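Chain residues, written in single-letter form:
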Amino acid sequence: MLQLLRDLGAQLAWQRDAGLLDTPSQGPLPVASAVAAPVPVRAPPPAAPPPAAPAPVAVAAPPVAEAPAAPPTAPAPTAAPVLPEPVKVTPPAAALAPVAPANFEGRAGALRVIQEEVRACRACGLAAKRTQTVFARGNPEARLCFIGEGPGADEDRTGLPFVGVAGQLLDRIIAAMRLTEDQVYIANIVKCRPPNNRVPYEEEMSACTPFLLRQLEVVKPEVIVALGKTAAGFLLQDKSSMTAMRGRWHSWKGVPVMPTWHPSYVLRVRDDPKSTARAEVWTDMKLVLERLGLPVPSPRG
Ligand code: SF4
């Protein structure tokens, strides 16, 4: 009997070693291989950790419903307090700092930066009573710039230069030149309205004209028309009278400048039969058109 049992044991050992008996001894292996199988399938695309996580969740079946809910809500409260930090960095200031046109899409972008600076400016006393700043209107790539003195009441209200009665006359002059607003750029020496439309003080012009100089450097006009003595005096650094300056070419940084009467002055003297201001403005504008190589329309044409 003993011998029989020994023979039977040897037979079983042989079958097991030969792989014919694997049921009991390899019971745990399928579990391990079942776990291992999905891992390589999911692991390559995302990451190794995810597959490991599902295993414990699957084991702890009841908490599964709580487990997914906890992770999403947990990060949210910690992320919220972090947001104010980047806001404190003040991206607007960073955006305003580089004024170089190279940082923007063309001249319009560079002008927008200057305009934002003007909006925030309180560098002189004119800021106190303004409704808003008045930057410019027209085409940032215009060949011709008109530069006036400062905003009046209508401009202060609308935020656009030369929109009042004087502006309407300027528009008629531009139309008589067979040009449109899209072909010119219009700005002023100061961007805030002087009280009672007085002439800006020297210190106000000194504070504000850096904006205008930068505008002109961006627009790069081929010709500038200085409307009135304030604009002509600043651009040309010349205190001569308008009568002495108008009707002939001057230069600002190599750009031809034609001083002419301000539209407000033309309106003021329009009922004076001796005034030649209106005709002189047209004479000056014909010179401008010639300088630009544009046709000069006849007065009735
Ligand atoms: S007039 Fe010019 S310098 Fe003075 S507050 Fe206005 S934008 Fe600034």
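Before any of the text, the structure's been laid out above.
Residues numbered from 1 in each chain as written. Predicted model: local features only at pLDDT ≥ 70, side-chain atom pairs only at ≥ 80, totals over all residues.

So, the environment of Asn139
Line of reasoning, step 1. Tracing the backbone shows Asn139 in the loop between strand S1 (136-138) and strand S2 (144-148).
Line of reasoning, step 2. The class for Asn139 is partly exposed, based on 19 C-beta atoms found within 10 Å.
Line of reasoning, step 3. Spatially, the C-alpha atoms of Asn139 and Val184 are 5.7 Å apart, while their sequence positions differ by 45 residues.
Line of reasoning, step 4. Residues within four places of Asn139 in sequence aside, it is in contact with Asp182, Gln183, Val184 and Tyr185. (Helix = DSSP H or I, 4+ residues; strand = E, 2+ residues; numbered from the N terminus. Buried ≥ 20, exposed ≤ 12 C-beta atoms within 10 Å, placed from the backbone. Contact = placed C-beta atoms within 7 Å.)

Remarks on the sheet that holds strand S5 (residues 250-252)
Line of reasoning, step 1. Overall, mixed pairing links the six strands, which are arranged S1-S3-S2-S4-S6-S5 in an open sheet. Only two strands of the sheet have a single partner each, and these edge strands are S1 and S5. Direction aside, the axes of adjacent strands within the sheet are offset by 25° on average.
Line of reasoning, step 2. Alignment of S2 against strand S4 (residues 223-227), held across four bridges, turns out to be parallel. Bridged to Ile147 within S4 is Ala226.
Line of reasoning, step 3. Contacts from helix H14 (residues 229-236) reach S2, S4, S5 and strand S6 (255-260) within the one sheet, and its direction differs from that of S4 by about 130°. (Pairing = 2+ DSSP bridges. Axes fitted to C-alpha atoms, helices over the stretch in contact; angles between N-to-C directions.)

Focus on the site of the ligand
Line of reasoning, step 1. Taken together, 14 residues lie around the ligand, and Cys121, Cys124, Ala127, Cys192 and Cys208 are the ones closest in.
Line of reasoning, step 2. A per-element tally of the shell around the ligand places helix H13 (residues 202-219) first, with three residues.
Line of reasoning, step 3. Across the shell around the ligand, the residue classes tally to 10 nonpolar, one polar and three charged. (Near = placed C-beta within 6 Å. Nonpolar A, V, L, I, M, F, W, Y, C, P; charged D, E, K, R; others polar.)

A short note on the environment of Thr276
Line of reasoning, step 1. Inspection of the secondary structure assignment puts Thr276 in the loop between helix H16 (263-268) and helix H17 (277-292).
Line of reasoning, step 2. The class of Thr276 is exposed, set by 11 C-beta atoms lying within 10 Å.
Line of reasoning, step 3. When the C-alpha positions of Thr276 and Val266 are compared, they lie 8.9 Å apart, and in sequence the two are 10 residues distant.

A short note on the nonpolar core
Line of reasoning, step 1. Counting residues in hydrophobic clusters, the biggest one holds 51 residues, and the most contacted among them are Cys145, Ile147 and Ala226.
Line of reasoning, step 2. Top contributing element to this core by residue count: H13, with six residues.
Line of reasoning, step 3. Contacts of Ala226, omitting those with residues within four sequence positions, involve Ile147, Ala231, Ala232, Leu235, Val257 and Pro259. (Core = buried A, V, L, I, M, F, W, Y, C linked by C-beta atoms within 7 Å.)

A few points about H14
Line of reasoning, step 1. Of all eight residues in H14, seven are buried, a share of seventy percent or more.
Line of reasoning, step 2. Of all the residues in H14, the buried ones are Lys229, Thr230, Ala231, Ala232, Gly233, Phe234 and Leu235.
Line of reasoning, step 3. Those residues of H14 hidden inside the fold are in contact with S2, H13, S4, helix H15 (242-245), S5 and S6.
Line of reasoning, step 4. Phi turns positive one or two residues past the end of H14, at Gln237, with a value near 50°.

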